[in-house]
Amino acid sequence: MTEPSATARSLDHPSPAEIRLESVLHALSDPVRLSIVRELAGGGGELACSYFELPVTKSTSTHHFRVLRESGVVRQTYRGTTKLNDLRRDDLETLFPGLLDGILTAASAEAERAAD
């Protein structure tokens, strides 16, 4: 991780050069993490961790957000005691053109099939 921690409330994120396709695909292969990314993509901005209603414990939720952050899929920042999540759409699009949109489109189609 190349970005130094300025305070105890800072989180390390990979630089764009450190984001690996394998890590992104691994992060998005989990249904819980994919649901987080789908919500972020549809939300149009930063969302607090507490916004998400996930079918897992708080500690498991923390793990999922950490995997997304460490893979470079999301950026997390603190505002007071709230941890906000933002999709790193621009970085991902520059590195892997069309990948995120393709995965989100496929996930939506799968969700529609499951609802039928």
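Remember, predicted model here, so these are calculated numbers, not experimental data. Throughout, residues of each chain are indexed from 1 in the direction in which the sequence is written. Confidence filtering applies because this is a predicted model: local features only for residues at pLDDT of at least 70, side-chain atom pairs given and counted only at 80 or more, and all residues used for totals across whole chains, interfaces and linings. Excluding hydrogens and water, the side-chain figures rest on all heavy atoms present in the structure.

Enquirer: Please set out the nonpolar core residue by residue, giving values where relevant.
Expert: The nonpolar side chains of soluble globular proteins are, as a tendency, buried together. Here, nonpolar core means buried Ala, Val, Leu, Ile, Met, Phe, Trp, Tyr and Cys residues that are tied together by side-chain atoms lying within 4.5 Å of each other. The rule is simple: take the accessible area with a 1.4 Å probe, protein chains only, and divide by the maximum for that residue type; under 20% is buried, over 50% is exposed, in between is partly exposed. Among the nonpolar cores identified, the biggest contains 24 residues, and Leu28, Ile36, Val37 and Val73 are the most heavily contacted of them. Of all elements in the fold, only helix H1 (21-28), helix H2 (31-43), helix H3 (58-71) and helix H5 (99-115) reach the threshold of two or more residues within this core. Helix and strand definitions follow DSSP, with helices as H or I runs of at least four residues and strands as E runs of at least two, each counted in order from the N terminus. Tallying contributions element by element places H2 first for this core, with 5 residues.

Enquirer: How would you explain H2 if you had to name every residue and give the values?
Expert: One turn of the α-helix equals 3.6 residues, which is why residues spaced by three or four share an orientation. For a helix, the expected span equals 1.5 Å multiplied by the number of residues minus one. Spanning 13 residues, H2 covers 18 Å between terminal C-alpha atoms, matching the ideal 18 Å at 1.5 Å per step. Within the span of H2, buried status applies to Val32, Arg33, Leu34, Ile36, Val37 and Leu40. Throughout, a contact is declared for two residues whenever any of their heavy atoms are within 4.5 Å. Residues of H2 that are buried sit in contact with H1, strand S1 (47-48), H3, strand S2 (74-79), strand S3 (82-87) and H5. For this analysis, a polar contact is any N or O atom pair within 3.5 Å, provided that within protein one partner can donate a hydrogen and the other can accept it, and provided that sequence-adjacent residues contribute only side-chain to side-chain pairs. At the N-terminal boundary of H2, the capping side chain belongs to aspartate 30, with an oxygen 2.8 Å from the backbone nitrogen of valine 32.

Enquirer: Any details on the sheet that holds S2? Residues and values, ideally.
Expert: Here we have 3 strands laid out as an open sheet, ordered S1-S3-S2, and antiparallel in their pairing. Lying at the two open borders of the sheet, with one neighbouring strand each, are S1 and S2. Pairs of strands are assigned from DSSP output, requiring at least two bridges between the strands. Where S2 meets S3, 6 bridges bridge the pair, whose relative direction is antiparallel. Across the sheet, the residue bridging to threonine 77 is leucine 84, located in S3. Strand contacts of H2: S1, S2 and S3, with the helix running at about 80° to S3, the strand carrying the most contacts. Comment: axis = line fitted to C-alpha atoms, over the contacting stretch for helices; angle = value between 0 and 180 degrees taken between N-to-C directions.

Enquirer: Now, about the environment of aspartate 30: what can you tell me, with residues and values included?
Expert: In this fold, aspartate 30 is placed in the loop between H1 and H2. Among the polar contacts listed, one links the side chain of aspartate 30 to the backbone nitrogen of valine 32, at a separation of 2.8 Å.

Enquirer: Requested: an account of the packing of H2 against H3, with residues and values cited.
Expert: Running from amino to carboxyl end, H2 crosses H3 at an angle of 70°, the nearest separation of the two axes being 10 Å. What the angle tells us is that H2 and H3 run roughly perpendicular. The hand of the H2/H3 crossing is right-handed. Where H2 abuts H3, its residues Val32, Arg33, Ile36 and Val37 lie against His63, His64, Phe65, Val67 and Leu68. Looking at the contact of H2 with H3 residue by residue, the classes come out as 6 nonpolar, 2 polar and 1 charged. Small angles under 35 degrees read as roughly parallel and large ones over 145 as roughly antiparallel, with 65 to 115 read as roughly perpendicular and the rest as oblique. The sense of a crossing depends on the near helix, which, turned anticlockwise from the far helix by less than a right angle, makes the crossing left-handed and, turned clockwise, makes it right-handed. For this classification, Asp, Glu, Lys and Arg are treated as charged, while Ala, Val, Leu, Ile, Met, Phe, Trp, Tyr, Cys and Pro are nonpolar and the rest, including Gly, are polar.

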